[in-house]
Amino acid sequence: MVGRFPMFKTSKGYSLERDLCTIKEANYYDTKKGLRKRTDEQYHRYMNLLWQEKYKALLEERNTHDEVKLTEAEKHTLSDAILRYEKFEVMMLKPRSQVEIKRHLRYWEMHLGYLPLSEITPARLSEQKDALSSHVMTHEGRGKGRKRSPATINRYFAALGAVMTCCVEKWYWLEVSPTRLVPSNPEPTGRTRFLSEDEIRRLLDVVKDNKALELAIVLALSTGARQAEIWGLKWSQVNMKTGHLTFIETKNGETRIVAIKGYASTLIKKFRRNLDTPYVFPSKIKSKRSTTSFDFKKPFQEALKVAEIVDFSWHDLRHTAASYLAMNGATLREIAEILGHKSLDMVMRYTHLTKEHTAEVIEKMNDKMFG
């Protein structure tokens, strides 16, 4: 197989070509039991390695015979940039974000890692976007047999964009990030499934004998807190005197204080505290009680089934809290502050509910004024 190196030109102006390997070597590798076919990932990694070896050899040859100085974008490959980013930048992200961004960067390293940064062009990235969109997932898991959503593809490009931004602003390997020239996919507005008053009553009737689950659900409904914030809640975050919960490890990285009132306040005051664990909802496994919180996924799904509530997830409790805030007169800014959103974009989905409330207020005012 022949590799083409468009950044190096022959005397006639054509792209330089170099032998990489045979087709057989590209597709198969030797084992004790004979030849085995490479997987897609093994194929890409093998070809990337060969390409980089030839590229470095061509660089050394050019530096030896030519007086032309290489740019930083020609000296460094995308793999170099990803490696440096993971070594010095990723650790500043949250653990969950680190796992996700590393997974996305593995894709870019496998498919474009061998290329110098000068060859990571908007046109090439646009081709990769098409490939990401059309590829059918074949690995085991819930995504098997499906294509990536527009939002998922945006996350892939966001991970690459973070690397490119460092190349421009911190390392000075590039002048302009090519990812900025590739438009993001439009994403659908998030779902707004929320419980009706009757569904709330049925759900709370079902969980009234499970005090931990009941408290967790009521806290989620009354504060709009995220799943991780409720499940991982610690007693040090609960202030009984002032009636507040303090969420420290939030998704946006900012500490948030939310009031606990009414039924939620009554339940948490009556809830039994375990002194051998810092968690409000500790793990049922004795050896993990001090380090791990409880996972409500299974009992919550069972409760939904008994209460005959369909198409509902734990995160929808957060939507329910936001929806009832909107219907009871809270402004979008107030909803954003309670839920912990930095901008109003995420709460715009509740606009229609605040409009309905505003219409009711105007109707009541007109009734009073004009009889």
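Residues numbered from 1 in each chain as written. Predicted model: local features only at pLDDT ≥ 70, side-chain atom pairs only at ≥ 80, totals over all residues. Heavy atoms only, no water.

*Asks:* Can you break down the pairing of strand E1 (residues 2–9) residue by residue, with the values?
*Replies:* Strand direction decides the pairing type here: E1 and strand E2 (residues 15–19), joined by five bridges, are antiparallel. Its bridge partner lying in E2, Lys9 is registered against Ser15. Between the end of E1 and the start of E2, which pair antiparallel, lie five residues, with Gly13 showing a positive phi angle near 90°. (Pairing = 2+ DSSP bridges. Helix = DSSP H or I, 4+ residues; strand = E, 2+ residues; numbered from the N terminus.)

*Asks:* Give a detailed account of the side chain of Glu229, specifying residues and quantitative values.
*Replies:* Along the chain, Glu229 falls in helix H10 (residues 227–231). The class for Glu229 is buried, based on a relative accessible area of 5%. Of the polar contacts made by the side chain of Glu229, one reaches the backbone nitrogen of Arg226; its length is 2.8 Å. When residues no more than four places from it in sequence are discounted, the contact partners of Glu229 are Phe247, Thr250, Lys251 and Arg256. (Buried < 20%, exposed > 50% of the residue type's maximum accessible area, 1.4 Å probe, protein only. Polar contact = N/O pair within 3.5 Å; in protein donor to acceptor, adjacent residues only side chain to side chain. Contact = heavy atoms within 4.5 Å.)

*Asks:* Got a sec to walk through the sheet that holds strand E7 (residues 256–259)? Specific residues and values, please.
*Replies:* As summarised here, the arrangement of the three strands in space is E5-E6-E7, forming an open sheet in which the pairing is antiparallel. A single partner strand is all that each edge strand has here, and the edge strands are strand E5 (238–239) and E7. Sheet topology note: the E5/strand E6 (residues 244–247) ladder contains two bridges and is antiparallel. Looking at E6, one finds that Val238 is bridged to Leu245.

*Asks:* I'd like a description of the pattern of salt bridges, backed by residues and values.
*Replies:* Scanning all chains against the criterion turns up 14 salt bridges. Between Glu199 and Arg193 there is a salt bridge, with the nearest N and O atoms lying 3.2 Å from each other. The burial state of Glu199 is the same as that of Arg193; both residues are buried. Between Arg226 and Glu229 there is a salt bridge whose closest N-O contact spans 3.3 Å. On the basis of relative accessible area, Arg226 is assigned to the buried category, the value being 13%. Bridged by salt links that share partners, the residues Asp198, Arg201, Arg202 and Asp205 form one connected network. (Salt bridge = Lys/Arg side-chain N within 4 Å of Asp/Glu carboxyl O.)

*Asks:* Let's hear about helix H12 (residues 297–306): which residues, and what values?
*Replies:* The complete set of buried residues in H12 reads Pro299, Phe300, Ala303 and Leu304. Down the axis, H12 shows its buried residues gathered within 140° of arc, on one side only. Turned more than 90 degrees away from the buried face of H12, the exposed residues are Lys297, Lys298, Lys305 and Val306. Considering only its buried residues, H12 is in contact with helix H8 (197–207), helix H9 (211–223) and helix H13 (315–327). Where H12 terminates, the next one or two residues include Glu308, which has phi positive at roughly 60°. (Arc of directions from axis to C-beta.)

*Asks:* Go over the packing of H8 against H12, please, and point to the residues and values.
*Replies:* It is at 9 Å that the axes of H8 and H12 come closest, and there the two elements cross at 120°. When the interaxial angle is binned, H8 and H12 end up oblique. Remark: the crossing between H8 and H12 carries right-handed chirality. Across the interface between the two elements, Leu203, Val206 and Val207 of H8 pack against Phe300, Ala303, Leu304 and Val306 of H12. Among the residues forming the contact of H8 with H12, the class breakdown is seven nonpolar, no polar and no charged. (Axes fitted to C-alpha atoms, helices over the stretch in contact; angles between N-to-C directions. Parallel < 35°, antiparallel > 145°, perpendicular 65-115°, else oblique. Left-handed = near helix turned anticlockwise from the far one by under 90°. Nonpolar A, V, L, I, M, F, W, Y, C, P; charged D, E, K, R; others polar.)

*Asks:* Describe the packing of helix H4 (residues 78–88) against helix H7 (residues 150–169), listing the residues and the values that go with them.
*Replies:* Close contact between H4 and H7 brings their axes to 10 Å; oriented N to C, the two are set at 95°. Relative to H7, the element H4 is oriented roughly perpendicular. Across from Leu78, Ala81, Ile82 and Tyr85 in H4, the residues of H7 making contact are Leu160, Ala162, Val163, Met164, Cys166 and Cys167. Looking at the contact of H4 with H7, its residues break down into ten nonpolar, no polar and no charged.

*Asks:* Outline the environment of Ile230, listing residues and values.
*Replies:* By the secondary structure assignment, Ile230 is in helix H10. Along the backbone, Ile230 and Leu215 are 15 residues apart, and their C-alpha atoms lie at a distance of 9.6 Å. Excluding anything up to four places from it in sequence, Ile230 contacts Ala216, Leu219, Ala220, Thr223, Ala225, Phe281 and Trp314.

*Asks:* Give me the packing of aromatic side chains: which residues, what numbers.
*Replies:* One pass over the full model with this rule turns up 15 aromatic pairs. Seen in terms of ring centroids, Tyr107 and Trp108 are 5.3 Å apart; in terms of plane orientation they differ by 85°. Their pairing is edge-to-face. Chaining the aromatic ring pairs together yields one cluster made of Trp231, Trp235, Phe271, Phe281, Phe294, Phe296, Phe300 and Trp314. It is Lys37 that lies over the ring of Tyr28; its NZ or CZ is 5.4 Å from the centre. Lying across the ring of Tyr46, Arg38 places its NZ or CZ 3.9 Å from the centre. (Phe/Tyr/Trp six-rings, centres within 6.5 Å; stacked < 30°, edge-to-face > 60°. Lys NZ or Arg CZ within 6 Å of the ring centre and 35° of its normal.)

That is the geometry; function is a separate question.
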